[in-house]
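Listed here are the chains, written in short residue letters.
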Amino acid sequence: MAISRDLLRVRGLEKTFSSGSDSKTVLKDISFDLAYNDSLAVVGPSGCGKTTLLLMVAGLLPPTEGAIWLEGDEIKGPSKKIALVLQHYGLLPWKTVGANITLGAKLQNIGISGKELQETKKELGIEALDHLYPAQLSGGQRQRVALGRAILLRPSLLLLDEPFAAIDTITRERLQSGLLAVFKRRRFSFIVVTHSFEEAVFMGRKILVLDNRAGIRTVLNNPDAGDIAFRSSPEFFERSLELRRVLEDLP
Amino acid sequence: MKRKHLLAYGATILLIYALWYILSLLLGSTILPDPFIVFSQGFMEIVERAFWAHVGASGFRILAGLIIAFCTAIPLGLFLGSNPRFDRVFSPLIYLGYPIPKIVLMPIIFVIFGLGDMSKIVLITMIIFFQLLITARDAARTIDTEVIYSLKSLGGTRLDFYRHVVWPVSLPGIFTSLRIVTGTSVAVLFFVESIGTNKGLGFYIIDAWGRADYPTMFVGIIALSTIGIILYETFDLLERKLCKWKNP
Ligand SMILES: Nc1ncnc2c1ncn2[C@@H]1O[C@H](COP(=O)(O)OP(=O)(O)OP(=O)(O)O)[C@@H](O)[C@H]1O
Ligand SMILES: [Mg+2]
């Protein structure tokens, strides 16, 4: 697969939360690039700033230092080229699944054909839920509705915050492969935040490991990611083990 | 669901009716006329144009008060609830204004707005206003950050935010407080209509009372209560229609 010039460029990113006299630096000196059709997995312990990083890339949270460029333009606010699936899905409880899934497209005046809508729902296995409210769905179904809503925006870059956390292992592996196929076909680049080594190694062609001291520990290269055959190969387990070691060595 | 509701209403009315009858036997029918007398008086009244003029005057005042309060308090409350900076500025004013019993301002209101409909509507509006303002503001404050992020990243503007998030989040609370203010506003209506006017159910009741015409007085009481019940049920119906997501 040809990887062209950079889609995303992150340089010297830092985020400090301050309230009154209290201040806490969550991320510091984060730099990385993401090419077109490329993928990045972000792993790290709970509270290390993974969600914060995604929110900054999504233009929802201003960085304290540093900057992010998307296709050469500095990110200063939400962009139509970026779609985000939040950790708790971000569905609107007062709208039905049908209304939730098309909300972004409606707000951005993106025309979606009935066929495209049907196909996306089918890909995600959420065809028969249109009339239900989010509260009536299982966690996994909610996640898939949120994914569908993001995919329908046809973004260049998808940001996924622990997208499969609420889904059982079997469904999760099927969805990972399914999603990778969708991404490949639709030429999405993506950043996925995850707690799972296997997920990171399977989905991220680069793996960014964050620690609790506001710095990058490591960026691992993982060029075989996304290949179904890779998942059952010895290299897959080796790389998962390598990632496990890096994470266990974190302070 | 609907039939159960009607059935409950029917049973309650029958129960009140029975208690009323028993009470009228105990107290004697000059103090508490028995329900049959009141109903026959009621049938005589409702064919009179004068009776409907009173109902119309009361209905107009209470509706005008509710509508004006709604159209001013709700937008302001939603705005304050979703803009913490303005909220901080206005909060002290609201906390100061809310507990003042507005009804004691009646003489001043009468001096400023005269004895006509205007002063009555102003007073009803003032009393409902704070209740609705605080409910709307508090409801808008409860918005989850994740939902805010979600709407922003989907390309939502400030207006979309009010339309797709703030308004629907607040609606259930608004309906609850509308139902609560129904009782208050009927009470205030009765009070302001009992003074310095010769139109409205408040006057109708007080007038009949003064003439010791108890059957007519009770007809007025029932008519005023009916206005309250109709408003209450309308809000209830609207809530069930518009807030399906709360009880799907
Ligand atoms: N708005 C905020 N104000 C103050 N502190 C914040 C804010 N948002 C996040 N933090 C802090 O920043 C740190 C990182 O939060 P973040 O949500 O990015 O973690 P995370 O890596 O996504 O964790 P998890 O894996 O549990 O989701 C946490 O310690 C959190 O308390
Ligand atoms: Mg997180």
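Numbering of residues starts from 1 in each chain and follows the order in which that chain's sequence is written. To label them, take the chains in the order written and letter them from A, then take the ligands in the order written and number them from 1. Residue-level local features of this predicted model are given only where pLDDT is at least 70; pairs of side-chain atoms are given and counted only at 80 or more, and the full residue set underlies all totals for whole chains, interfaces and linings. Derived side-chain values reflect all non-hydrogen atoms in the structure, with water molecules and hydrogen atoms excluded from consideration.

### Looking at the coordination of the magnesium ion (ligand 2)
All names here are of chain A. Selection rule: Here a donor is any nitrogen, oxygen or sulfur atom (N, O, S) within 2.8 Å of the metal, with 3.2 Å used for Na, K and Ca; water is not among the atoms considered, so some sites may look incomplete. Put simply, DSSP H or I for four residues or longer makes a helix, DSSP E for two residues or longer makes a strand, and each gets a number counted from the N terminus. Summary of the burial criterion: residues with accessible area below 20% of their type's maximum are buried, those above 50% are exposed, and those between are partly exposed, where the area comes from a 1.4 Å probe applied to protein chains only.
At this site the magnesium ion (ligand 2) is bound by Thr 51 (OG1) and Gln 87 (OE1), with donor distances of 1.9 to 2.4 Å. Taken together, the positions of Thr 51 in helix 1 (residues 50-57) and Gln 87 in the loop between strand 6 (82-85) and helix 2 (97-107) put the pair 36 residues apart, joining distant regions of the chain. With relative accessibility at 27%, the residue Thr 51 sits in the partly exposed group.

### Some details on the interface of chain A and chain B
The extent of an interface is frequently quoted as the accessible surface area lost upon association of the parts. Defined as follows: The contact definition used throughout considers only heavy atoms, calling two residues in contact when any of these lie within 4.5 Å. Once two parts are put together, the accessible area they lose, assessed with a 1.4 Å probe and summed over both, is termed the buried area. We count a salt bridge whenever a side-chain nitrogen from Lys or Arg sits within 4 Å of a carboxyl oxygen from Asp or Glu. Contacts described as polar in this section are N or O atom pairs within 3.5 Å, which, within protein, must combine one atom able to donate a hydrogen with one able to accept it, while residues neighboring in sequence count only if both atoms come from side chains.
With 25 residues of chain A at the interface, the matching set in chain B holds 19 residues. Roughly 1,900 Å² of surface becomes buried between chain A and chain B when both sides are summed, with 70% attributable to carbon and sulfur atoms. When residues of chain A are sorted by the area they lose upon contact with chain B, Leu 60, Trp 94 and Leu 107 of chain A head the list and together hold 35% of the total. Counting the contacts that link chain A with chain B gives 0 salt bridges. Where chain A touches chain B, the interface holds 7 residue pairs in polar contact (both at pLDDT 80 or more). Among the elements of the structure, strand 6 and helix 2 of chain A are those that each provide at least two residues to the side of chain A that touches chain B.

### Some details on the packing of helix 3 (residues 114-124) of chain A against helix 5 (residues 169-186) of chain A
Residues and elements named next belong to chain A. Under the convention used in this document: Where helices are involved, their axes are fitted lines through C-alpha atoms of the stretch in contact, as for all axes, and angles between N-to-C directions lie from 0 to 180°. For a crossing to be left-handed, the near helix must be turned anticlockwise from the far one by less than a right angle; the clockwise case is right-handed. In this classification, the charged set is Asp, Glu, Lys and Arg, the nonpolar set is Ala, Val, Leu, Ile, Met, Phe, Trp, Tyr, Cys and Pro, and all remaining amino acids, among them Gly, are polar.
Where helix 3 meets helix 5, the axes come as close as 10 Å, and the angle between the chain directions of the two elements is 145°. Between helix 3 and helix 5 lies a crossing of right-handed hand. Residue-level inspection shows Glu 116, Thr 120, Glu 123 and Leu 124 of helix 3 in contact with helix 5, the latter providing Leu 179, Val 182, Arg 185 and Arg 186. Considered class by class, the residues forming the contact of helix 3 with helix 5 number 3 nonpolar, 1 polar and 4 charged.

### Regarding the pairing of strand 6 of chain A
Residues and elements named next belong to chain A. Applied cut-off: Any two strands with at least two DSSP-identified bridges between them are counted as paired.
Because side chains alternate across strand 6, one face comprises the buried residues Ile 82 and Leu 84, and the other comprises Ala 83 and Val 85, equally buried. The pairing of strand 6 with strand 7 (residues 157-161) spans 4 bridges and is parallel. Across the sheet, Val 85 pairs through a bridge with Leu 160, a residue of strand 7.

### Section: the nonpolar core
Nonpolar side chains tend to gather and get buried jointly when the protein is soluble and globular. As a reminder of what qualifies: Nonpolar core, defined: a set of buried Ala, Val, Leu, Ile, Met, Phe, Trp, Tyr and Cys residues in which side-chain atoms within 4.5 Å join the residues together.
Core analysis: the biggest nonpolar cluster contains 112 residues, and Leu 158, Leu 160, Ile 207 and Leu 243 of chain A have the highest contact counts within it. The element that contributes the greatest number of residues to this core is helix 8 (residues 158-193) of chain B, accounting for 13 residues. If near-sequence neighbours (up to four positions away) are discounted, Ile 207 of chain A is found in contact with Leu 40, Ala 41, Val 43, Ala 200, Val 201, Thr 218, Val 219, Leu 220, Asn 222 and Leu 243 of chain A. Counting residues in each nonpolar core, the second largest holds 34 residues, with Leu 13, Val 26, Leu 159 and Ile 191 of chain A among its members.

### A few points about the side chain of Ser 177 of chain B
By the secondary structure assignment, Ser 177 of chain B is in helix 8. Discounting residues that sit within four places of it in the chain, Ser 177 of chain B has contacts with Gln 131, Leu 132 and Thr 135 of chain B.

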